[in-house]
Amino acid sequence: MSTAIRDGKYRCPQCSGADFDITSTRWTCAGCGRGYPCVSGMPKLFLDERLGAHDRKLRDTFYDGLFGQFYQVMMPVIVMPVRPWSLAWPYWLAWGVTWLVLVGLAVAGVTFLMTPGEQGAALIPLGLLVALVLFLVRNRYLGWLMLLAAPLKWVQSGKPWRAEESFADVHARVLEPLRTAGRRLQVLDVSTGSCNSLYRHGWMSLDADYTAIDLSETMLKQGNAAMAGYGVGVDLVLGDAVDLPFQSDRFDVVLSYGAVNGLTDPAKAIAEMARVAKPGGVLLFLDEQIYPSAGPIERAYFHRVLSSHNVIHHCPVETFPASLTEVTVAQVYQFYYLCTARKAA
């Protein structure tokens with residue numbers, strides 16, 4: 001049995017039509033007949049042939065790979081050098097154990113090689129050592145993290161950071177008027193991943209309907225499970241951030257956490273976020289940007305670990321469409337900015 005969506009919020013990526021006939025396994029555009037399969041009930045509203053090369057690579061090798069499959073562990077590992085000890089100590093423990101294993105395997109291999117009659121036994125620890133080193137080389141951001149984590153923590157301990165406007169302050173500034181809007185709001189989270197940021201940063205306090213989109217099936221399935229566990233209703237869509245499958249002027253709030261800088265075309269993604277926002281609607285997005293007084297160790301960590309997968313490394317305000325006003329860029333952490341803007345009414 002199929003259900004028809006007429007004049008809804010969605011847009012066909014091929015013809016921009018708003019009407020779909022849907023089943024649990026497929027959405028079909030009533031205008032052009034293009035069919036879009038579903039994954040776990042979530043429609044794949046993008047054209048694979050139009051995906052940017054970097055977006056495709058990042059999805060296939062990063063978010064659908066090791067990082068995405070173990071996101072709840074991998075993300076805290078990546079940022080452990082800049083998090084408080086109280087939050088990061090389990091990951092430092094894992095970092096220390098990994099170094100002990102590397103050194104232990106090297107020592108064992110050399111010891112066997114130098115012991116008469118035991119050279120054959122050296123193949124086991126040396127083979128394991130080579131496998132572990134090759135893994136770190138293949139996942140270079142992890143290899144650099146192993147090398148830079150301790151020096152970075154030492155450098156950071158001597159440079160206390162205080163933002164002019166904190167992460168929490170920016171969210172409070174944006175959320176306060178939205179909580180008293182007096183109407184049901186429409187909130188979109190672009191490149192939502194596991195929906196962690198959508199759930200955690202105050203957006204659940206709004207009287208709102210939530211929509212979230214991501215290109216990675218691995219990540220969006222995690223988001224689906226997480227929001228179901230929280231008991232939060234959200235429309236989840238597999239889609240392309242630079243070709244959002246939504247009609248124009250649909251959302252009061254458009255969010256994105258940690259995605260813009262890594263897209264093939266960040267400027268087009270921001271233009272798309274502005275397009276789908278209602279006149280007067282708010283945009284808020286966070287990504288990597290290093291603070292001006294950073295030293296060489298901090299810059300090495302930023303470029304080789306934290307921002308290694310990005311195509312740009314700052315908030316691209318120079319590319320913003322003219323429709324965005326009241327633009328504010330706050331350096332909320334040493335390595336992250338938080339940008340807010342409003343679409344002109």
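Structure first, text after, so check above.
Residues numbered from 1 in each chain as written. Predicted model: local features only at pLDDT ≥ 70, side-chain atom pairs only at ≥ 80, totals over all residues. Heavy atoms only, no water.

**Student:** Would you take a moment to explain the overall build of the protein chain for this structure?
**Tutor:** Scanning the protein chain for helices and strands turns up 11 helices and 12 strands. Based on the C-alpha atoms only, the size of the protein chain along its principal axes is roughly 80 × 50 × 35 Å. Counting all 345 residues of the protein chain, 49% fall into the buried class. Counted over contacts in the protein chain with a minimum sequence separation of 6, partners at least 24 positions apart contribute 65%. Accessible surface, the protein chain as shown: approximately 16,200 Å² in total, 59% of it carbon and sulfur. If you average the places of the 30 positive and of the 30 negative side-chain charges in the protein chain, the two averages end up 2 Å apart. (Helix = DSSP H or I, 4+ residues; strand = E, 2+ residues; numbered from the N terminus. Buried < 20%, exposed > 50% of the residue type's maximum accessible area, 1.4 Å probe, protein only. Contact = heavy atoms within 4.5 Å. Areas by Shrake-Rupley, 256 points an atom, 1.4 Å probe, with all protein chains shown as cover. Lys, Arg positive; Asp, Glu negative; His and termini not counted. Charge placed at Lys NZ, Arg CZ, Asp CG, Glu CD.)

**Student:** What is the right way to read the layout of surface pockets from this model?
**Tutor:** If you roll a probe as big as a water molecule over the atoms, it shows you where there is empty space left. The calculated volume of the second largest pocket comes to roughly 550 Å³. Considering the residues around the second largest pocket, the lining is formed by 16 residues, among which Phe62, Arg138, Arg140, Tyr141 and Ser308 are closest to the centre. The dominant element in the lining of the second largest pocket, judged by the number of residues it contributes, is helix 1 (residues 53–63), at five residues. For the lining of the second largest pocket, the per-class residue count stands at six nonpolar, six polar and four charged. (1 Å grid on protein atoms, 1.4 Å probe; cavity = no way out; pocket = protein on both sides within 12 Å on 5 of 7 lines; lining within 4 Å. Points joined across faces, edges and corners; volume = space filled by probe spheres on them. Nonpolar A, V, L, I, M, F, W, Y, C, P; charged D, E, K, R; others polar.)

**Student:** Just to check I follow, could you spell out unusual backbone geometry for this structure?
**Tutor:** Excluding glycine, residues mostly carry a negative phi; peptide bonds, for their part, are mostly trans. Not every positive phi belongs to a glycine, and Ser40 is a case in point at roughly 55°. Following the sequence through the fold, Ser40 ends up in the loop between strand 4 (35–39) and strand 5 (42–43). For Ser40, a relative accessible area of 55% puts it in the exposed group. The phi dihedral of Ser191 is positive, around 55°, even though this residue is not glycine. Within the element layout of this structure, Ser191 appears in the loop between strand 6 (185–190) and helix 8 (196–200).

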